Amino acid sequence: MRKALQAGDYQKLIDAVPYARTLGMGSETFGDEVVFRLPRNEDNLGNPILPAIHGGVIGGFMEMSAMISLMMSQETPRLPRIVDFSLDYLRAGLDRDTFSECHLTRQGNRVANVIVTAWQQSRRKPIATARAHFIMD
């Protein structure tokens, strides 16, 4: 984790988290902005008729995005523990690449809050939003 923080390399940290690695998560950095990517994968479908991504996969992707984003914002490596995760599904996540971005809204000594937005083709049409609360160890 220290090496990833020092290098500013989100992908090294993503690969170190087993669930994020299982999802196939990736990230791209644009200046100070980081966008996480959940690639299209038939194994992630919950409704093969639409076809649509399973809601649990979307939620897991957003939670992992929030956790990794928070970890990368730290000056010293600390593992955040999730306290609360509130997710609002806004529209179906179709069988295509999905993206998320995180905004750290509060960072105290022990508690941090992160807002996450997920979209597919346009940021203006999010498929889900979430609020995550973490305890910092």
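Up top is the structure.
Numbering of residues starts from 1 in each chain and follows the order in which that chain's sequence is written. Totals for whole chains, interfaces and linings use all residues, but because this is a predicted model, local features are given only for residues with pLDDT of at least 70 and pairs of side-chain atoms are given and counted only at 80 or more. Side-chain metrics rest on all non-hydrogen atoms present in the structure, leaving aside hydrogens and water.

J.: Would you explain the pairing of strand 7 (residues 111–119) in this entry?
T.: Remark: a regular strand shows side chains that alternate across the two faces of the sheet. Counting buried residues in strand 7 gives seven out of nine residues, a clear majority hidden from the surface. Bridge count between strand 6 (residues 98–107) and strand 7: eight bridges; the pairing is antiparallel. Each bridged residue has a counterpart across the sheet, and for Phe99 the counterpart in strand 7 is Trp119. Should DSSP find at least two bridges between two strands, the strands are regarded as paired. Where helices and strands are cited, they refer to DSSP runs of H or I of at least four residues and of E of at least two residues respectively, numbered from the N terminus. Linking two consecutive strands that pair antiparallel, namely strand 7 and strand 8 (residues 126–136), is a turn of six residues. The buried label goes to any residue with under 20% of its type's maximum accessible area, the exposed label to any with over 50%, and the partly exposed label to all in between, with areas taken from a 1.4 Å probe on protein chains only.

J.: In this structure, what is going on with the sheet that holds strand 8? I would like to understand it.
T.: Strand pairing within a sheet occurs via backbone hydrogen bonds; the two strands may be parallel or antiparallel. With respect to topology, six strands assemble into an open sheet ordered 1-2-6-7-8-5, the strand pairing being antiparallel. The sheet is open, and its two edges are formed by strand 1 (26–30) and strand 5 (80–89), each paired on a single side. Neighbour-to-neighbour, the strand axes of this sheet turn through a mean angle of 25°, independent of strand direction. Alignment of strand 2 (residues 33–38) against strand 6, held across three bridges, turns out to be antiparallel. When the bridges of strand 6 are listed, Arg37 appears paired with Phe99. Along the sheet, helix 4 (residues 55–72) contacts strand 2, strand 5, strand 6, strand 7 and strand 8; its crossing angle with strand 5, the most-contacted strand, is approximately 135°. Between N-to-C directions, angles span 0 to 180 degrees; the directions come from axes that are lines fitted to C-alpha atoms, helices contributing only their stretch in contact. Here a residue-residue contact requires only that any non-hydrogen atoms of the pair lie within 4.5 Å.

J.: Would you mind going over the environment of Ser69 with me for this structure?
T.: You can see Ser69 is positioned in helix 4. If we ignore the near neighbours within four places in the chain, the residues touching Ser69 are Tyr10, Phe36 and Cys102.

J.: Where do I start with unusual backbone geometry in this structure?
T.: Excluding glycine, most residues fall at negative phi; most peptide bonds, likewise, are trans. The omega torsion across Leu50 and Pro51 is -20°, close enough to zero to call that bond cis. Mapped onto the elements, Pro51 comes out in the loop between strand 3 (45–47) and strand 4 (52–53).

J.: I would appreciate a short explanation of the packing of aromatic side chains in the present structure.
T.: In this description, an aromatic ring pair is defined by two values, namely the gap between the centres and the angle between the planes. We call Phe, Tyr and Trp rings a pair once their centres come within 6.5 Å, taking the six-membered ring for Trp, and we label the pair stacked below 30 degrees between planes, edge-to-face above 60, and tilted otherwise. On inspection of all chains with the given rule, the structure shows two aromatic pairs. For the ring pair Tyr10 and Phe36, a centre distance of 5.9 Å and an interplane angle of 70° mean the geometry is edge-to-face. With Tyr10 in helix 2 (residues 10–16) and Phe36 in strand 2, the pair connects residues that are 26 residues apart, well separated along the chain. Like Phe36, Tyr10 is buried.

J.: How should helix 4 be read in this particular structure?
T.: Since one α-helical turn is 3.6 residues long, residues separated by three or four positions face the same way. Expected helix span is given by 1.5 Å per residue-to-residue step, counting one fewer step than there are residues. Along its 18 residues, helix 4 runs 26 Å from first to last C-alpha, staying within 8% of the 26 Å computed at 1.5 Å per residue. Extensive coverage of helix 4 is indicated by the burial of 15 of its 18 residues.

J.: Explain the nonpolar core here, please?
T.: Across soluble globular proteins, nonpolar side chains show a tendency to be buried alongside one another. Core analysis: the largest hydrophobic core is formed by 34 residues, its most contacted members being Met25, Phe36, Met62, Ile68 and Phe134. Among the elements of the structure, helix 2, helix 3 (18–23), strand 2, helix 4, strand 7 and strand 8 are those that each provide at least two residues to this core. For this core, the leading source of residues is helix 4, giving 11 residues. Beyond its immediate chain neighbours, meaning those up to four positions away, Met25 contacts Gln11, Ile14, Ala20, Phe36, Arg37, Pro39, Phe61, Met64, Ser65 and Ile68. In plain words, nonpolar cores are sets of buried Ala, Val, Leu, Ile, Met, Phe, Trp, Tyr and Cys residues tied together by side-chain atoms within 4.5 Å.

J.: Is there a simple way to explain the pattern of salt bridges in this structure?
T.: Think of it this way: side chains of opposite charge can pair up when their charged atoms draw near. The salt bridge criterion pairs a side-chain nitrogen of Lys or Arg with a carboxyl oxygen of Asp or Glu, the two atoms within 4 Å. Summed over the entire model, instances satisfying the criterion amount to six salt bridges. Among the salt bridges present, the one from Glu42 reaches Arg40, with a minimum N-O distance of 3.5 Å. For Arg40, a relative accessible area of 43% puts it in the partly exposed group. With its nearest N and O atoms 3.7 Å apart, the salt bridge here joins Glu101 to Arg123. Of the two residues, Glu101 sits in strand 6 while Arg123 sits in the loop between strand 7 and strand 8, which places them 22 residues apart along the sequence. On the accessibility criterion, Glu101 (14% relative accessible area) is buried. Here Arg123 falls in the partly exposed class, since its relative accessible area comes to 41%. Three or more residues joined by partner-sharing salt bridges are found here, namely Glu33, Glu101 and Arg123.

Shape is all these values report; function is a separate question.
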